[in-house]
Amino acid sequence: MRSSILISKITLNNFRSHQEFSLNSRSNNIVLYGENGAGKTNILESLSLLSPGRGLRNAKNEEIINKNHNTNYSLLADVEFDESLVKIKKTFVKNSIQKSNFFMDDEKCKTSDLLNFLRVIWVTPIMEKIMLQSNSERRNFFDRLIFNINKKYLKSFSAYNKFTKERLHLLKSNIPDDSWLDQIEFNIAEKASEVIKYRNDAIIQINENLTLISKPFNSCTIELIYESSLESSNHKEDFITNYKRILQTNRFIDKELNRTSMGPNKVQVNIWKLDDSSIEAKQCSTGEQKSILISIILSVAQIIVRSDFGKPPIILIDEAMAHLDQNHREALIDELGKLNTQSWFTGVSKELFTHLNKDTIFFEVKNS
């Protein structure tokens, strides 16, 4: 059965290695295969930019422009859903005043508006090391997944970061305005309360879903630990009052450090093995860590389907199939089939994907 939402066409101009690229992709499975360096991951990166943020490489726009055309790039995607079609376009012009813009059906829009039409999540080789990376990288990993579950989270998280930047700017000014600072700190505390609530709610959902993940995949439990003074309160007003007092007390420290020394971004993220909560995922074998990562992605995809969004996410799987044994490959394809999602795969060989169903497009990507 055809997915209820899919990217039916992608067109790239001056994007990474692709000066011009177009692919009709009206299928549940799209396999991009070819030699290393041919530009397969670049195509997945363009799709990841249909989600708020910097995409799967966390790259700046200037880094994405084709090296032979160092002024601009664009990507255009036709997204089909509920028997409707929306054309989403991103443009970047290096020397323009407003360099980067998004459009939907030629109407300018915000990046957060993308979440009204599609959700995009991905698995890449570098993500397989998420258990070993820094705490901030683990937090960023889960934050991205969470705003795909609940778009309100992105709005609150963005507002929190905006207000903290305003506060630091005001603190470093020669004549700080106390009444203005009081209001900004109230805004920060209010958004921090929302960030912690939405984050905690989503992690509870993910953990509950992870207990349902079946073999051969390994599963896990995710734990968030905040400073005791920032533990979520049952009463939002109490939390706001307490955190606002912390911000006021830390004004001098934050000014000297040029950062907000205490807040929801300081959360400690731990990942524990599900069947043995005394073992951290970072202590597991490489194979177990890959399996845990896929369990997390599948769990989030299942939650997105059950959320208010009500449709499966687009899933990008970059080179991951080559790192899985046959048993895991078949199980992954089976789970993706149950989700009825559109999945994009990359690999050096078509043979890695022989177990996909007939609703599959194979496209060989060659060096430009």
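Presented here is an overview of the structure given in this document. (Residues numbered from 1 in each chain as written. Predicted model: local features only at pLDDT ≥ 70, side-chain atom pairs only at ≥ 80, totals over all residues. Heavy atoms only, no water.)

What to know about the overall build of the protein
Helix and strand content of the protein: 9 helices and 14 strands. Compactness check: the protein gives a C-alpha radius of gyration of 22 Å against a globular reference of 21 Å for 368 residues, within 12% of the reference. For the protein, the spread of C-alpha atoms along the three principal axes comes to 65 × 55 × 35 Å. Residues counted as buried form 54% of the 368 residues belonging to the protein. (Helix = DSSP H or I, 4+ residues; strand = E, 2+ residues; numbered from the N terminus. Rg over C-alpha atoms; globule rule 2.2 N^0.38 Å. Buried < 20%, exposed > 50% of the residue type's maximum accessible area, 1.4 Å probe, protein only.)

Observations regarding the environment of Lys110
In this structure, Lys110 sits in the loop between strand S7 (107-109) and strand S8 (120-123). On the basis of relative accessible area, Lys110 is assigned to the exposed category, the value being 59%. For the pair formed by Lys110 and Leu75, sequence separation is 35 residues and the distance between their alpha carbons is 16 Å.

A word on the nonpolar core
Membership of the largest hydrophobic core comes to 116 residues, with the highest contact counts inside it found for Tyr243 and Trp344. For this core, the element with the highest residue contribution is helix H5 (residues 178-210), accounting for 12 residues. (Core = buried A, V, L, I, M, F, W, Y, C linked by side-chain atoms within 4.5 Å.)

Points about the pairing of strand S11 (residues 276-280)
The pairing of strand S10 (residues 268-273) with S11 spans 2 bridges and is classified as antiparallel. Within S11, the residue paired with Trp272 across the bridge is Glu280. Turn length for the S10-S11 hairpin, with the two strands adjacent in sequence and antiparallel, is 2 residues. (Pairing = 2+ DSSP bridges.)

Some details on the packing of aromatic side chains
Scanning all chains against the criterion turns up 8 aromatic pairs. Look at Phe15 and Tyr73: their rings are 5.4 Å apart centre to centre, the planes differ by 90°, and that puts the pair in the edge-to-face class. Here Phe15 is found in strand S1 (residues 5-15), whereas its partner Tyr73 is found in strand S4 (residues 72-81), with 58 residues between them in sequence. Comparing Phe15 with Tyr73 shows no difference in burial state: the two are buried. An aromatic cluster of three or more residues is present, and its members are Phe15, Tyr73 and Phe92. Positioned over the ring face of Phe309 is Lys311, at 4.7 Å from the centre of the ring. Here Lys350 stacks its cationic end above the ring of Phe362, 5.1 Å away from the centre of that ring. (Phe/Tyr/Trp six-rings, centres within 6.5 Å; stacked < 30°, edge-to-face > 60°. Lys NZ or Arg CZ within 6 Å of the ring centre and 35° of its normal.)

Examining unusual backbone geometry
Cis geometry marks the peptide bond from Lys215 to Pro216; its omega dihedral reads 10°. Following the sequence through the fold, Pro216 ends up in the loop between H5 and strand S9 (220-225). Backbone geometry at Asp105 places phi at a positive 50°, although glycine is not the residue there. Inspection of the secondary structure assignment puts Asp105 in the loop between strand S6 (100-104) and S7. Even without being glycine, Asn258 reaches a positive phi, approximately 60°. Its place among the elements puts Asn258 in the loop between helix H7 (251-257) and S10.

Some words on the sheet that holds strand S5 (residues 84-93)
Taken in spatial order, the 6 strands of this open sheet run S2-S1-S4-S5-S6-S7, and their pairing is antiparallel. For this open sheet the edge positions go to strand S2 (18-24) and S7, each flanked by a neighbour on one side alone. Averaged over neighbouring strand pairs, the angle between their axes works out to 20° when direction is ignored. Pairing between S1 and S4: 8 bridges, direction antiparallel. Paired with Leu12 across the strands is Leu75, a residue of S4. On top of the sheet, helix H1 (residues 40-48) reaches S1, S2 and S4; it is set at about 115° to S1, its chief contact. (Axes fitted to C-alpha atoms, helices over the stretch in contact; angles between N-to-C directions. Contact = heavy atoms within 4.5 Å.)

Read these as layout, nothing more, since geometry by itself doesn't imply function.
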